[in-house]
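Single-letter residue listing:
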Amino acid sequence: MSDRPLLTREQSRAVDVLAAEKYHIPGVILMENAGRGSAELLIARRPASVLICCGPGNNGGDGYVIARHLDLAGIPVRIALLCPRQRIQGDALINFTILEAAGIEILDFADESLCPSFAQSLDRADWVIDAMLGTGVTSPPREPIASAIGQVNAATAQVMAIDIPSGLDCDSGVPYEPTIVADFTATFVTSKPGFAKPSAEPYVGEVHVVDIGTPQALLREVFRS
Ligand SMILES: NC(=O)C1=CN([C@@H]2O[C@H](COP(=O)(O)OP(=O)(O)OC[C@H]3O[C@@H](n4cnc5c(N)ncnc54)[C@H](O)[C@@H]3O)[C@@H](O)[C@H]2O)[C@@H](O)CC1
Ligand SMILES: [K+]
């Protein structure tokens, strides 16, 4: 295991802030790099049909970037939106708007009771991307995301988690109830302290670190803080 330091949840969130405020790298650039790197990992596995489950924050925003790159690669992709459209904001909204303009299919599952068609959408995909919750989570997943996690875990599709399997505490490695069981996790900048813990093993699957273009000087500053 490399002896590189691992970013905690708070340090990961500090990367975003410092990148924008001190290094003049807008969050949407980091999101593009994160989404493109994740999409390339998936394209290499030759998916036939992909369902991307998106939550209300920037983890969902990564999902929209991934969808765009899969579409550009000619891979059938659909979005399962697990929050009301009006909750999407900032960098995630920029990428959501691009998807709508590109005509990529967006299925609304924001209501509390996930309608049966969510399960049908799952059945049609050989890969599911978990872009529901990332470093913004500090409590057990709430509805409708909690039900979505249960249904994804029960489906036959392979699962790639974006940044963190939704429901896992990336510092302690303790899974909230429920947590996504991923075959792969595409995590940003560094792996996370909790991923090597035995409790996290069943949920993270094979961990791939995606470089999102954060300057080394920025990382040194974050690790010193
Ligand atoms: N760290 C970085 O440098 C980068 C982070 N990016 C992405 O941004 C993510 C963090 O984005 P956010 O800060 O928006 O946070 P998240 O996208 O993790 O989501 C937080 C949102 O989910 C909701 N939420 C919080 N706890 C919940 C719960 N228990 N159940 C249901 N909903 C809950 C809240 O409304 C909150 O807005 C990272 O995980 C990563 O995927 C990337 O876009 C690129 C750069
Ligand atoms: K996730």
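Only a predicted model underlies this, so the values are computations on that prediction, with no experimental measurement involved.

What counts, and where the lines are drawn
- Residue positions are given per chain, counting from 1 as you read along its sequence in written order.
- Lettering of chains starts at A and numbering of ligands starts at 1, both following the order in which they are written.
- Given that this is a predicted model, residues contribute local features only at a pLDDT of at least 70 and side-chain atom pairs are listed and counted only at 80 or more, while totals for whole chains, interfaces and linings are drawn from all residues.
- The basis for every side-chain value is the complete set of non-hydrogen atoms in the structure, without hydrogens or water.
- Between 30 and 60 degrees the pair is tilted, below 30 it is stacked and above 60 it is edge-to-face, where a pair is any two Phe, Tyr or Trp rings, Trp via its six-membered ring, whose centres lie within 6.5 Å.
- Here's how the labels work: a residue is buried when its accessible area is under 20% of the maximum for its type, exposed when over 50%, partly exposed in between, all with a 1.4 Å probe on protein chains only.
- Strands here mean DSSP runs of E at least two residues long; helices mean DSSP runs of H or I at least four residues long; both are numbered from the N terminus.
- Think of a 1 Å grid over the protein atoms and nothing else: a 1.4 Å probe that fits but is trapped marks a cavity, an open set flanked by protein within 12 Å on at least five of seven lines marks a pocket, and residues with an atom within 4 Å of a point count as lining.
- Grid points are joined across faces, edges and corners, and a volume is the space filled by probe spheres set on the points.
- Basically, the charged four are Asp, Glu, Lys and Arg, the nonpolar ten are Ala, Val, Leu, Ile, Met, Phe, Trp, Tyr, Cys and Pro, and anything else, Gly included, counts as polar.
- Only strands joined by at least two bridges in the DSSP assignment are considered to pair.
- To get an axis, a line is fitted to the C-alpha atoms, and for a helix only the part in contact is used. The angle between two axes follows their N-to-C directions and goes from 0 to 180 degrees.
- Note on contacts: a residue pair is in contact if any heavy atoms of the two residues lie within 4.5 Å.

Trainee: What should I look at first to understand the packing of aromatic side chains in this one?
Mentor: Two descriptors summarise a pair of aromatic rings, namely the distance from one centre to the other and the angle between the planes of the rings. Within the structure shown, the criterion is met by three aromatic pairs. Ring geometry for Phe 109 and Phe 118: centres 5.1 Å apart, planes at 80°, overall edge-to-face. Taken individually, Phe 109 and Phe 118 each receive the classification buried, so the pair is uniform in this respect. Note on Trp 127 and Phe 184: the rings are 5.7 Å apart at their centroids and 35° apart in plane angle, and the pair reads as tilted. Residue Trp 127 is found in strand S4 (residues 127-131), and its partner Phe 184 is found in strand S6 (residues 184-188); the two are separated by 57 residues along the sequence. Across this residue pair, the class does not change: Trp 127 and Phe 184 are buried.

Trainee: Quick question: what am I supposed to make of empty space enclosed by the protein here?
Mentor: Where empty space is left becomes clear once a probe the size of a water molecule has been rolled over the atoms. Evaluated as defined, the whole model comprises one cavity of 30 Å³ or more. Taken as a whole, the largest cavity spans an internal volume of roughly 40 Å³. In terms of lining residues, the largest cavity is bounded by Ser 49, Val 50, Leu 51, Arg 78, Ser 121, Arg 124 and Ala 125. Taken together, the residues that form the lining of the largest cavity break down as three nonpolar, two polar and two charged.

Trainee: Sorry if this is basic, but what is going on with the sheet that holds strand S3 (residues 106-108) here?
Mentor: Neighbouring strands of a sheet are bound in pairs by backbone hydrogen bonds; such pairs are parallel or else antiparallel. Spatially, the seven strands line up as an open sheet ordered S3-S2-S1-S4-S5-S6-S7, and their pairing is parallel. Two strands bound the open sheet, and with one partner strand each, they are S3 and strand S7 (206-210). Ignoring strand direction, the axes of neighbouring strands in this sheet form an average angle of 20°. Each of strand S1 (50-54), S4, strand S5 (158-162), S6 and S7 touches helix H2 (residues 27-43); the most contacted strand, S7, lies at about 140° to it.

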